[in-house]
Amino acid sequence: MKNAVIGNNKQKANLIVLGAVPRLLYLLQQETSSTELKTECAVVLGSLAMGTENNVKSLLDCHIIPALLQGLLSPDLKFIEACLRCLRTIFTSPVTPEELLYTGPDHQTILFNHGAVQNIAHLLTSASYKVRMQALKCFSVLAFENPQVSMTLVNVLVDGELLPQIFVKMLQRDKPIEMQLTSAKCLTYMCRAGAIRTDDNCIVLKTLPCLVRMCSKERLLEERVEGAETLAYLIEPDVELQRIASITDHLIAMLADYFKYPSSVSAITDIKRLDHDLKHAHELRQAAFKLYASLGANDEDIRKKIIETENMMDRIVTGLSESSVKVRLAAVRCLHSLSRSVQQLRTSFQDHAVWKPLMKVLQNAPDEVLVVASSMLCNLLLEFSPSKEPILESGAVELLCGLTQSENPALRVNGIWALMNMAFQAEQKIKADILRSLSTEQLFRLLSDSDLNVLMKTLGLLRNLLSTRPHIDKIMSTHGKQIMQAVTLILEGEHNTEVKEQTLCILANIADGTTAKELIMTNDDILQKIKYYMGHSHVKLQLAAMFCISNLIWNEEEGSQERQDKLRDMGIVDILHKLSQSPDSNLCDKAKTALQQYLA
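As the structure is a computational prediction, the values presented were derived from the model and not from experiment.

### Comments concerning the overall build of the protein
So, point 1. Along the backbone of the protein there are 39 helices and 2 strands.
So, point 2. What you see for the protein is a C-alpha radius of gyration of 33 Å, clearly larger than the 25 Å of a compact globule of 600 residues, by over 25%.
So, point 3. Taken along the three principal axes of its C-alpha coordinates, the protein extends 105 × 60 × 55 Å.
So, point 4. Going through the 600 residues of the protein one by one, you find that 53% of them count as buried.

Okay, structure coming up:
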């Protein structure tokens, strides 16, 4: 059987169809089978697993994994090795569910608690290169996003040397590329997990330059992908590392080369090579976008450099409509990173009409793409961004209102945030569109959202809708009752200072309206609340309440006398006198200005 199936997929399939697998597994688990027989069974099963994905499925359906794991308890090393080989083949197949073995942080912890670190550490000095490599790979997987493991690794000694020093030796230029890359990964993961400082020499002088080297033309495509993705992860949270990377070995220009695959077809006579290039082309683009996104996360000059790289904006825009979701996501992330620049929003983003493909991406994308794309839309909708008009015309309002109804809180936040930016200093028509599309029911649902960010952005939207007098009066004439209700609810609820401050600022805006004022003046409950916040222990809230009062008593406006009298009767003037003695200069000035309205 063994000789028949080696390298022959047809024979493998035949044997499986004939029912060989249950019989082999039976012999493998029989107490009475000799060790030689068990070993041969494991070898044949391993060979069957090397075939198609369907073969692996058939093996899994016969419960091969528990049988092989049981085999690892045997005293015979040859048999154990055959079982391990077969297990490795099965677990490296994409059809095998990962939860059958260890993945995820809880599993890293189980391995850690069973002494994985100590048992694997000494293998780093093994005479066999293969063993050293596998030990290194184990550490990279154990340390990834795991502070507990990473903090331990920093202090592990192997033959009197600390692990990080051993990793640094393994990423020197004379070592095999695979070893350099994997050591760089270990150090990167330990750094991101907080076990090594970002300004440590082993990161700045060793790991970062090693990863930049992996991005160069001399490296294989796979190595360049892994190098760029690891470097993107390393520098993502740290502006200093972003600056260092951006000036190392012309990295920004070097990455532009990632977009040149597959090279012109005529030059590639080798069909296999073309196939390989095609397969890796989208991985290369994805890796380049990710790294550009990390490089440009914080620094204006770096963003400028990226955008000035040959055809960069065109490439990103093309990336937005690629068939691969991963490339689309990376392109959107890259754009989002660059869209944090006011300068770029006004220039390059405008010249390349970035909003067009972005709106298309937003039409039907998986959540992870939607979250980044809608964040970016928030930036494009800032008042100084020239893209604002065309985005509005392309149906953005409906789309964003739709996002506010998402189950995903990140999408609700972005939807409402973008509407808030859209409403900022907008004309009446846009505000009316937003209110109509969103519907007051949804607006009030968002005001009672369990997510604090959603609540804050919704208040921000309301505040932007209620600005400039004619708009305030118009909106309050149609929605006044509901808005006053919402404001009352929030001021009575258990909310933090920021929320209450925003709410009082909304009231101050309403108090600035001509007819809208009356909604406050005829509402004794609200007036009492404003009075309460004038005497609050938090200065921010006192100031916000003061704004409401100033707007209500302002002299030049019709009916100011009656309003002043009513507020005096409520004891507001006494509070103003008290506040004019406040140690807080801002509060004291505002109180004095308000008192002058009474004297004028």
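We are not done yet, so read on.
### Focus: the environment of glutamate 31
So, point 1. With respect to the element layout, glutamate 31 can be found in the loop between helix H3 (20-29) and helix H4 (35-49).
So, point 2. Sequence separation between glutamate 31 and glutamine 108 is 77 residues; the distance between their C-alpha atoms is 34 Å.

### Some thoughts on the nonpolar core
So, point 1. Counting residues in hydrophobic clusters, the biggest one holds 181 residues, and the most contacted among them are Phe139, Leu295 and Leu507.
So, point 2. Once residues within four sequence positions are removed from consideration, phenylalanine 139 is found in contact with Val117, Ile120, Ala121, Leu124, Leu153, Leu163, Phe167 and Cys186.
So, point 3. One finds Leu15, Val21, Cys41 and Leu59 within the second-largest nonpolar core, a separate group that totals 27 residues.

### Considerations on the packing of helix H10 (residues 129-143) against helix H12 (residues 163-170)
So, point 1. One can describe the packing of H10 onto H12 by two numbers: an axis separation of 13 Å at closest approach and a directional angle of 125°. As far as their axial angle goes, H12 and H10 are oblique. Two packed elements cross with a definite hand, and for H10 against H12 that hand is left-handed. Contact residues: Arg132, Leu136 and Phe139 in H10; Leu163, Phe167 and Met170 in H12.
So, point 2. Of the residues that constitute the contact of H10 with H12, the class distribution is 5 nonpolar, no polar and 1 charged.

### Things to note about helix H13 (residues 177-192)
So, point 1. Taking 1.5 Å of rise per residue, 16 residues should cover 22 Å, and H13 covers 22 Å from first to last C-alpha, within 8% of that figure.
So, point 2. H13 sits mainly inside the fold: 14 of its 16 residues count as buried.
So, point 3. After H13 finishes, the residue glycine 194 shows a positive phi value of roughly 85°.

### Here's the deal with the packing of aromatic side chains
So, point 1. In this structure the tally under the stated criterion is 6 aromatic pairs.
So, point 2. Between tyrosine 532 and tyrosine 533, the aromatic rings sit 4.9 Å apart at their centres with planes inclined by 75°, giving edge-to-face as the arrangement.
So, point 3. Residue tyrosine 532 is classed as exposed on the basis of its relative accessible area of 53%.
So, point 4. Across from the ring centre of tyrosine 233, 4.2 Å away, lies the NZ or CZ of arginine 192, which sits over that ring.

### Focus: the pattern of salt bridges
So, point 1. Counted by the stated rule, this structure contains 30 salt bridges.
So, point 2. Lysine 429 is the salt-bridge partner of aspartate 433, the closest N and O atoms lying 3.1 Å from each other. Linking aspartate 433 with lysine 429, this pair stays in helix H29 (residues 428-438), spanning 4 residues, or about one helical turn.
So, point 3. With a relative accessible area of 55%, lysine 429 lands in the exposed category.
So, point 4. Note that glutamate 518 is salt-bridged to arginine 563, the shortest N-O span being 3.8 Å. Of this pair, glutamate 518 sits in helix H34 (residues 517-521) while arginine 563 sits in helix H37 (residues 560-569), and the two are 45 residues apart along the sequence.
So, point 5. In this structure glutamate 518 comes out as partly exposed when scored by relative accessible area, which is 38%.
So, point 6. Taking relative accessible area as the criterion, arginine 563 reaches 5% and is therefore assigned buried.

### Concerning unusual backbone geometry
So, point 1. Of note in this structure, histidine 63 is not a glycine but carries a positive phi near 60°.
So, point 2. With respect to the element layout, histidine 63 can be found in the loop between helix H5 (53-61) and helix H6 (64-71).
So, point 3. Residue class for histidine 63 comes out exposed when judged on its relative accessible area of 58%.

### Points about the environment of glutamate 283
So, point 1. As for its placement among the helices and strands, glutamate 283 is situated in helix H18 (residues 271-295).
So, point 2. On the accessibility criterion, glutamate 283 (29% relative accessible area) is partly exposed.
So, point 3. Residues glutamate 283 and glutamate 562, 279 residues apart in the sequence, show an inter-C-alpha distance of 71 Å.

### Brief notes about the packing of helix H28 (residues 409-423) against H29
So, point 1. Two elements in contact, H28 and H29, have axes separated by 9 Å at closest approach and are oriented at 155°. Judged on the interaxial angle alone, H29 and H28 are roughly antiparallel. The handedness of the crossing between H28 and H29 comes out as left-handed. Where H28 approaches H29, its residues Ile416, Leu419, Met422 and Ala423 are matched on the opposing element by Ile430, Lys431, Ile434 and Leu438.
So, point 2. Broken down by class, the residue content of the contact of H28 with H29 amounts to 7 nonpolar, no polar and 1 charged.

### Overview of the state of the cysteines
So, point 1. Taken as a whole, this structure holds 0 disulfides when the rule is applied.
So, point 2. Summary of cysteine pairing: cysteine 138 is not part of a disulfide, and the nearest cysteine sulfur, belonging to cysteine 186, is at 9.7 Å.
So, point 3. With no disulfide of its own, cysteine 215 lies closest to cysteine 210 among cysteine sulfurs, the gap being 9.8 Å.

### Some points on H10
So, point 1. Between its terminal C-alpha atoms H10 stretches 21 Å, which fits the 21 Å expected from 15 residues at 1.5 Å a residue.
So, point 2. Where H10 is concerned, the buried positions are Met133, Ala135, Leu136, Phe139, Ser140, Leu142 and Ala143.
So, point 3. Those residues of H10 that are buried are in contact with helix H8 (105-113), helix H9 (116-121), helix H11 (147-154), H12 and H13.
So, point 4. Of the residues flanking the start of H10, the one acting as N-cap is serine 128, its side-chain oxygen 3.3 Å from the backbone nitrogen of lysine 130.
So, point 5. Positive phi appears at glutamate 145, one or two residues downstream of H10, with a value of about 50°.

### Details of the side chain of arginine 328
So, point 1. Relative to the helices and strands, arginine 328 is located in helix H21 (residues 325-338).
So, point 2. It is glutamate 322 that comes nearest to the buried, bridge-free arginine 328 among opposite-charge side chains, at 8.4 Å.
So, point 3. Polar contacts involving the side chain of arginine 328 include one to the main-chain carbonyl oxygen of glutamate 322, which spans 3.0 Å.
So, point 4. Apart from residues no more than four positions distant in its own chain, arginine 328 is found in contact with Gly319, Leu320, Glu322, Ser323 and Pro366.

### Details of the side chain of serine 582
So, point 1. For serine 582, the location among the structural elements is in the loop between helix H38 (572-579) and helix H39 (585-599).
So, point 2. In this structure serine 582 comes out as buried when scored by relative accessible area, which is 17%.
So, point 3. In this structure the side chain of serine 582 is engaged in a polar contact, spanning 3.0 Å, whose partner is the backbone nitrogen of aspartate 584.
So, point 4. Serine 582 has contacts with Leu587 and Cys588, leaving out every residue within four places of it along the chain.

Analysis parameters
- Residues numbered from 1 in each chain as written.
- Predicted model: local features only at pLDDT ≥ 70, side-chain atom pairs only at ≥ 80, totals over all residues.
- Heavy atoms only, no water.
- Helix = DSSP H or I, 4+ residues; strand = E, 2+ residues; numbered from the N terminus.
- Rg over C-alpha atoms; globule rule 2.2 N^0.38 Å.
- Buried < 20%, exposed > 50% of the residue type's maximum accessible area, 1.4 Å probe, protein only.
- Core = buried A, V, L, I, M, F, W, Y, C linked by side-chain atoms within 4.5 Å.
- Contact = heavy atoms within 4.5 Å.
- Axes fitted to C-alpha atoms, helices over the stretch in contact; angles between N-to-C directions.
- Parallel < 35°, antiparallel > 145°, perpendicular 65-115°, else oblique.
- Left-handed = near helix turned anticlockwise from the far one by under 90°.
- Nonpolar A, V, L, I, M, F, W, Y, C, P; charged D, E, K, R; others polar.
- Expected span 1.5 Å × (residues − 1).
- Phe/Tyr/Trp six-rings, centres within 6.5 Å; stacked < 30°, edge-to-face > 60°.
- Lys NZ or Arg CZ within 6 Å of the ring centre and 35° of its normal.
- Salt bridge = Lys/Arg side-chain N within 4 Å of Asp/Glu carboxyl O.
- Disulfide = S-S within 2.5 Å.
- Polar contact = N/O pair within 3.5 Å; in protein donor to acceptor, adjacent residues only side chain to side chain.
- Lys, Arg positive; Asp, Glu negative; His and termini not counted.

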